[in-house]
Amino acid sequence: MDIYDLINEPEKRLEVFSDIIKKMNNIGDYEETLVNILSEIKNIMLTDTILLYLIDQELYNLNYEMSIGALGSKFFGSIIDGEKPLSVRAYTTSAALYSNDTQEDSAFIPIKEILGDDLKNILFVPLKARKKNIGALFLINRKDGKFVENDTVIMSFFSSIVSLALINKMTYDKGQSRAYEVGALYEMSVSINKCETIEDILNNNISIVCEAFEAHRVSIILKDEKGMFRFKAGIGIDEEVLKYGVITTEDNVLGEILKTGKSVYSVSVSKDYRFKPNKTLRYTRDSFIASPLIGKDDDIIGFLCATERNVNKAFNLSNLMLLEMLAQQISENYMHVFLSEESKIKKSLTEEINYTEQLQKSILPSEFPNKKLFDVAATSIPSKHIGGDFYDYMKLKEGKYVLVMADVSGKGLNAGFFMVMTRSILRVYASQMDNPAKILEQTNKHIFYDSKKGMFVTCFLAIVDTKNKTITYSNAGHIPQYLVKKPSVNEDYITEMYIGGKPLGFVENPSYKNKKISYEKSDTIVMFTDGVTETFNENNEEYGESKLKDILKNEYDNSSELLKDIVDETIYFRADAPQFDDITLLIAKFL
């Protein structure tokens, strides 16, 4: 068959395309499907080699993805800089381009730099999907002569099939990657239950980072008691470097992180002014990424760094966001085990309890950034030194915020540790989705298998959408929470936010539902645990919901005043009676 018949004879074109599509449908593996399509195109177009490059949608580099043919191995791991004319053409145009005089043609310099005199002729065609350029195909060296204009027409037909297969593969890969990221965060959050020493926790966590980023070289650097930064764990780091340990933070990328408090990534270490010349000799691949490890008082206590990716693709902003999340979890794990190891040195149980109390207080939010959309105040007063209650607050995208109120069954050390684990898992899933019911369902899967001695957690989780002025909430066995309207003689000034649901860790596969309500300016969310309403006095009388609702009839200038009034009233009511349960409150008034 003359391949140019595909242009003028739609029946033949349909026959060829149908054959390729049938093969696509018969192969379950997306990678194999793409390889087969490229092989078919290479054979039909009579070329020595076909290359597939993908566009980095953040950096606009062209990253090598795969090849078929004898010359393909020379391109493995290659990156065509986003500023090169060839990359610019790949992400801005729909037009194909070919050259039969490559030694004089400047358009294909990046390819010529790799192949040299082996490059005889070349044809380039961009790949487009959903009105966006996603990659490019290169046909290298036509076996029966030169490329002609009709070849660009035929390749424009084939490019649509490749784009379809590529989108299928990218969608699958993205889903797999997201699942792996969630898995990595979960594995890291529960590692505190498996590791007893700082060395164990750091080596465990660094291996998770290594897999998540497909990196050969990862390091954790921590500040010692003298204020010096030292290697504490490393994969792919020279033994002598790890043994010496001390890291300078002057005039380098770590110094910039210390100065700005922000994570960094570098597409090319060799071209980055933040890396000294001798540093470039240590890296065989150019891309580098690092995030600060933040301690209790927002101080930088170390760094998490990664480079030498297996896939040899430059790190991007998406990678940076994941690294920051992993760095946050490593910081919490490190502080947890660090304080745990310190407590083992102590001889008295009192000092061990003080450590756990400090750990709990350190992870409860004390600041609530929200661009002055609402005024937030919160407190947690344990009945013992260590409580099982906790509240949480997270800022999401697009003006959304997560509010959490939870109560772990039991008190003391076990409840305290279970609380830390539960909070970490909730945060992992809250960062991945904005559906309260789904967050609770996914969290329960892990809580159920990790709960010991019948421990469970009641939890109320709400997502506030400040753009649409709505509150979407779900509930895992927690008591009703309140949305308080503006003070009014109307008896319905309080809306009870409640929906049925089993506590987390209580049963294996519970289902949860969402409810959505609207709010107005000056409305107030009042979230609390049963330690507030179930406060008892010396006569064994209960404080109850009615007294709490009476307080909520009053007007307050801010959330802190209301919070203080509720706490003071329960203390006054209890008088000399002991506090039997934790008292936890979170109040948010919409401005």
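Scope of this entry: the structure provided in the associated data block.

Rules behind the numbers
- Residues numbered from 1 in each chain as written.
- Predicted model: local features only at pLDDT ≥ 70, side-chain atom pairs only at ≥ 80, totals over all residues.
- Heavy atoms only, no water.
- Helix = DSSP H or I, 4+ residues; strand = E, 2+ residues; numbered from the N terminus.
- Contact = heavy atoms within 4.5 Å.
- Areas by Shrake-Rupley, 256 points an atom, 1.4 Å probe, with all protein chains shown as cover.
- Axes fitted to C-alpha atoms, helices over the stretch in contact; angles between N-to-C directions.
- Parallel < 35°, antiparallel > 145°, perpendicular 65-115°, else oblique.
- Nonpolar A, V, L, I, M, F, W, Y, C, P; charged D, E, K, R; others polar.
- Expected span 1.5 Å × (residues − 1).
- Buried < 20%, exposed > 50% of the residue type's maximum accessible area, 1.4 Å probe, protein only.
- 1 Å grid on protein atoms, 1.4 Å probe; cavity = no way out; pocket = protein on both sides within 12 Å on 5 of 7 lines; lining within 4 Å.
- Points joined across faces, edges and corners; volume = space filled by probe spheres on them.
- Pairing = 2+ DSSP bridges.
- Salt bridge = Lys/Arg side-chain N within 4 Å of Asp/Glu carboxyl O.
- Phe/Tyr/Trp six-rings, centres within 6.5 Å; stacked < 30°, edge-to-face > 60°.
- Polar contact = N/O pair within 3.5 Å; in protein donor to acceptor, adjacent residues only side chain to side chain.
- Patch = residues over 30% accessible without salt bridge, like charges linked within 9 Å, V, L, I, M, F, W, Y side chains within 5 Å.
- Lys, Arg positive; Asp, Glu negative; His and termini not counted.
- Charge placed at Lys NZ, Arg CZ, Asp CG, Glu CD.
- Core = buried A, V, L, I, M, F, W, Y, C linked by side-chain atoms within 4.5 Å.
- Left-handed = near helix turned anticlockwise from the far one by under 90°.

1. Some remarks on the overall build of the chain
A count of helical and extended segments in the chain gives 17 helices and 22 strands. Sequence separation of 24 or more characterises 66% of the internal contacts of the chain that already satisfy a separation of 6 or more. Of the accessible surface of the chain, which amounts to about 28500 Å², a share of 49% is contributed by carbon and sulfur atoms.

2. Observations concerning the packing of helix α3 (residues 30-45) against helix α6 (residues 149-190)
Two elements in contact, α3 and α6, have axes separated by 9 Å at closest approach and are oriented at 170 degrees. As the angle between them shows, α3 and α6 are arranged roughly antiparallel. Seen from α3, the contacting residues are Y30, E31, L34, I37, L38, I41, I44 and M45; seen from α6, they are D151, I154, M155, F158, I161, V162, A165, L166, N168, K169 and Y172. Tallied by class, residues from the contact of α3 with α6 come to 15 nonpolar, one polar and three charged.

3. Concerning α3
Helix length check: α3, at 16 residues, gives a terminal C-alpha distance of 23 Å against a target of 22 Å (1.5 Å per residue), a fit within 8%. If you check which residues of α3 are buried, you get T33, L34, I37, L38, S39, I41, K42, I44 and M45. L46 sits one or two positions beyond α3 and adopts a positive phi of about 55 degrees.

4. Considerations on empty space enclosed by the protein
What the rule picks out here adds up to three cavities of 30 Å³ or more. Considered as a void within the structure, the largest cavity measures approximately 70 Å³ in volume. Of the residues in the lining of the largest cavity, the class split is four nonpolar, three polar and three charged.

5. Structural notes on the sheet that holds strand β2 (residues 62-69)
If you walk across this open sheet you meet the six strands as β3-β2-β1-β6-β5-β4, and the pairing is antiparallel. Edge positions in the sheet fall to β3 (79-80) and β4 (97-99), since each of these pairs with one other strand and no more. Summarising the sheet, strand β1 (residues 47-55) and β2 pair through seven bridges and their orientation is antiparallel. Considered in β2, the bridge of T49 is made with G69. The strands touched by α6 within the sheet are β1, β2, β4, β5 (122-129) and β6 (132-142), with β5 carrying the most contacts at an inclination of about 45 degrees.

6. Some thoughts on the pattern of salt bridges
Scanning all chains against the criterion turns up 17 salt bridges. D118 is the partner of K74 in a salt bridge, and the nearest nitrogen-oxygen pair spans 2.9 Å. On the criterion of sequence distance, the pair formed by K74 in the loop between β2 and β3 and D118 in the loop between α5 (109-115) and β5 is long-range, its members being 44 residues apart. Assessed through its relative accessible area of 35%, D118 is described here as partly exposed.

7. Some remarks on the pairing of strand β7 (residues 215-223)
With respect to burial, β7 is a largely interior element, seven of its nine residues being buried. Pairing geometry for β7 and strand β12 (residues 300-309), over seven bridges, is antiparallel. If you follow I221 over to β12, its bridge partner there is F303. Direction of pairing for β7 relative to strand β8 (residues 229-235): antiparallel, over a ladder of six bridges.

8. Quick word on the packing of aromatic side chains
Inspection of the entire model under this criterion finds 16 aromatic pairs. For the ring pair Y393 and Y401, a centre distance of 5.9 Å and an interplane angle of 35 degrees mean the geometry is tilted. Put simply, the rings of F368, F374, Y393, Y401, Y519 and F590 touch in pairs and so form one group of aromatic residues.

9. Details of the side chain of S559
Within the secondary structure, S559 sits in helix α17 (residues 559-574). Within the structure, S559 has its side chain in polar contact with the backbone nitrogen of K589 (distance 3.4 Å). Among residues more than four places away in sequence, those in contact with S559 are D375, V376, A377, I587, A588 and K589.

10. Overview of the environment of V218
Position of V218 among the secondary structure elements: in strand β7. The spacing of V218 and I206 is 12 residues in sequence and 6.9 Å in space, taken between C-alpha atoms. Leave out the neighbours within four places in its chain, and V218 touches I206, V209, C210, A233, G234, I235, I237, L304, C305 and A306.

11. Quick look at the sheet that holds strand β21 (residues 524-528)
Read across the open sheet, the five strands follow the order β13-β22-β21-β18-β19; overall the sheet is antiparallel. Each having just a single partner strand, β13 (374-381) and β19 (494-497) make up the two edges of the open sheet. Strand-to-strand twist of the sheet, defined as the mean angle between neighbouring strand axes without regard to direction, takes the value 15 degrees. Where strand β18 (residues 481-484) meets β19, four bridges bridge the pair, whose relative direction is antiparallel. Directly across from V484, in β19, lies its bridge partner I494.

12. Focus: the environment of K194
By the secondary structure assignment, K194 is in the loop between α6 and α7 (198-212). Accessibility expressed as a relative area gives 56% for K194, which makes it exposed. It is 9.4 Å that separates the C-alpha atoms of K194 and N204, two residues lying 10 residues apart in sequence. Polar side-chain contacts of K194 include one of 3.4 Å to the side chain of E187.

13. What to know about a negative patch on the surface
Together, D297, D298, D299 and E367 line one region of the surface with negative charge. Looking at the element boundaries, D298 is found in the loop between β11 (288-294) and β12.

14. Observations regarding the pairing of strand β14 (residues 389-395)
Where burial is concerned, most of β14 is hidden: six out of the seven residues are buried. Two elements, β14 and strand β15 (residues 400-408), share seven bridges in a ladder whose sense is antiparallel. Pairing of D389 across the sheet is with D407, part of β15.

15. Observations regarding the nonpolar core
Grouped together as the largest cluster of nonpolar side chains are 90 residues, with contacts concentrated most on L304, I471 and I525. The dominant element in this core, judged by the number of residues it contributes, is helix α13 (residues 412-430), at 10 residues. One finds I41, M45, F158 and V162 within the second-largest nonpolar core, a separate group that totals 27 residues.

16. Looking at the packing of helix α16 (residues 544-551) against α17
Put simply, α16 and α17 touch, their axes get as near as 10 Å, and they point 140 degrees apart. Comparing the axis directions of α16 and α17 gives the class oblique. Crossing handedness for the pair α16 and α17: right-handed. Together, K547, L548 and I551 of α16 and L562, D565, I566, E569 and F573 of α17 make up the contact between the two elements.

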